Amino acid sequence: MSLLSVEDLVVRHGLLQAVRGVSFDVARGETLALVGANGAGKTTLLRAIAGAHQAASGRVTFDGADLSGVPSHERVRKGIALVPEGRRLFVQMTVEENLLLGRSADRAGDWSVERVLETFPNLKPRRHARAGHLSGGEQQATAIGRALMSNPDLLLLDEVSLGLSPLIVDRVYASLQELISSGTTIILVEQDLNRALSVSNKVICMLEGRIALAGDSMTVSRDEVTKAYFGLH
Ligand code: ATP
């Protein structure tokens, strides 16, 4: 059985249909990369899975349960954690305090402040620093760590490399690779196609709210994905 099943999902922003009938499945342990041009609907889709946007129609099923009408905080309790675009940390609070905010009383598991600091060693000396004083890479690690603190079964990552230098992006992705190896199920939005394909085992390219291409990251040709990205057939 799939961990996540999205069926014919439609999400609107007012009159605009940002997601126009999208269907796909994610099995436990898979890493799905979502790619597509700006405005293709990737963020809206992730947020709809996390419960931050209501679906106009269609269905999201997680671990066998229909999530229709289930608010975002309940979805965290069910095991879905979102790392939003732009990190959204509490800048006056310390790294540790931000991490502790990610805990969910209902979700037992191995994640702790200590384990996050082991996973992202660059955060270790910054434990008591205010989030507003961190570098971009440290902020991103804190945002991912905060999501992990809820011991999620499904981690949704929205453009984690945005605004980071290539070296720091490499570090963030090295840590993600560890999470993937440990079996965490991940959906990630990534602008860098090479990176998206190398880290994932499935890829979906969105175009104007629809799936233009879905394939296996290992076997899909980069050319095909690029064509789908620009809507060339
Ligand atoms: P990006 O890479 O720029 O984040 P995206 O693929 O994630 O792009 P979305 O952010 O999901 O795309 O946007 C899809 C469409 O919905 C775009 O046309 C965007 O302008 C519109 N949109 C997104 N959020 C809102 C909102 N809160 N209100 C109105 N329109 C929105």
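All residue numbers here refer to positions counted from 1 along the written sequence of the relevant chain. Only residues with pLDDT of at least 70 get local features here, since the model is predicted, and only at 80 or more are side-chain atom pairs given and counted; chain-wide, interface and lining totals rely on the full set of residues. Heavy atoms throughout the structure, all of them, feed into the side-chain values; hydrogens and water do not.

- UniProt positions are given in the numbering used here, feature names are shortened, and annotations may be inferred rather than shown by experiment. Check the Sequence similarities (unreviewed entry) section of the UniProt entry for the protein; it says "Belongs to the ABC transporter superfamily."

## Concerning the nonpolar core
Part 1 of the argument: Counting 45 residues, the largest nonpolar core has Val83, Ile144, Leu155, Leu157 and Val160 as the members making the most contacts within it.
Part 2 of the argument: Broken down by element, this core gets its largest block of residues, six residues, from helix H6 (residues 166-181).
Part 3 of the argument: Residue contacts are defined here by distance: any two heavy atoms, one from each residue, within 4.5 Å place the two residues in contact. Leave out the neighbours within four places in its chain, and Val83 touches Gln140, Ala143, Ile144, Ala147, Leu155, Leu156, Leu157, Asp158 and Val160. We call a set of buried residues a nonpolar core when its members are Ala, Val, Leu, Ile, Met, Phe, Trp, Tyr or Cys and they connect through side-chain atoms within 4.5 Å of each other. Each residue gets one of three labels from its accessible area relative to the maximum for its type: buried under 20%, exposed over 50%, partly exposed in between, using a 1.4 Å probe on protein chains only. The way it works is that DSSP assigns letters per residue, a run of H or I at least four long becomes a helix, a run of E at least two long becomes a strand, and they are numbered from the N terminus.

## Description of the site of the ligand
Part 1 of the argument: Nearness here has a simple test: a residue counts as near a molecule or strand if at least one of its heavy atoms is within 4 Å of that partner. Around the ligand, 14 residues are found, and the nearest of them are Gly39, Gly41, Lys42, Thr43 and Thr44.
Part 2 of the argument: Polar contacts, as counted here, are pairs of nitrogen or oxygen atoms within 3.5 Å of one another; within protein the pair requires one atom able to donate a hydrogen and one able to accept it, and residues that are adjacent in sequence qualify only if both atoms are side-chain atoms. The separation between an oxygen atom of the ligand and a polar main-chain atom of Thr43 is 2.7 Å.
Part 3 of the argument: Side-chain polar atom of Glu159 to an oxygen atom of the ligand: 3.2 Å apart, as the coordinates give it.
Part 4 of the argument: Areas reported here follow the Shrake-Rupley algorithm with a probe of radius 1.4 Å; residue values treat only the protein chains shown as occluding. Against a free-state accessible area of 630 Å², the protein chains account for coverage of 60% of the ligand.
Part 5 of the argument: Its residues placed into classes, the shell around the ligand shows four nonpolar, seven polar and three charged. Basically, the charged four are Asp, Glu, Lys and Arg, the nonpolar ten are Ala, Val, Leu, Ile, Met, Phe, Trp, Tyr, Cys and Pro, and anything else, Gly included, counts as polar.

## Let's talk about the pattern of salt bridges
Part 1 of the argument: The term salt bridge refers to a side-chain nitrogen of Lys or Arg lying within 4 Å of a carboxyl oxygen of Asp or Glu. As enumerated under the stated definition, the model contains 13 salt bridges in all.
Part 2 of the argument: Close ionic contact of Arg77 with Glu74 constitutes a salt bridge, the shortest N to O distance being 3.3 Å. Here Arg77 pairs with Glu74, and both are found in helix H2 (residues 72-78), just three residues apart, close to one helical turn.
Part 3 of the argument: Note on Glu74: relative accessible area 27%, which makes it partly exposed.
Part 4 of the argument: For Asp106, the salt bridge is made with Arg77, and the minimal N-O distance between the two is 2.3 Å. Taken together, the positions of Asp106 in the loop between helix H3 (95-101) and helix H4 (113-119) and Arg77 in helix H2 put the pair 29 residues apart, joining distant regions of the chain.
Part 5 of the argument: Among the residues examined, Arg77 registers a relative accessible area of 40% and is labelled partly exposed.
Part 6 of the argument: Via salt bridges that share partners, Glu7, Arg59 and Asp66 belong to a single interconnected network.

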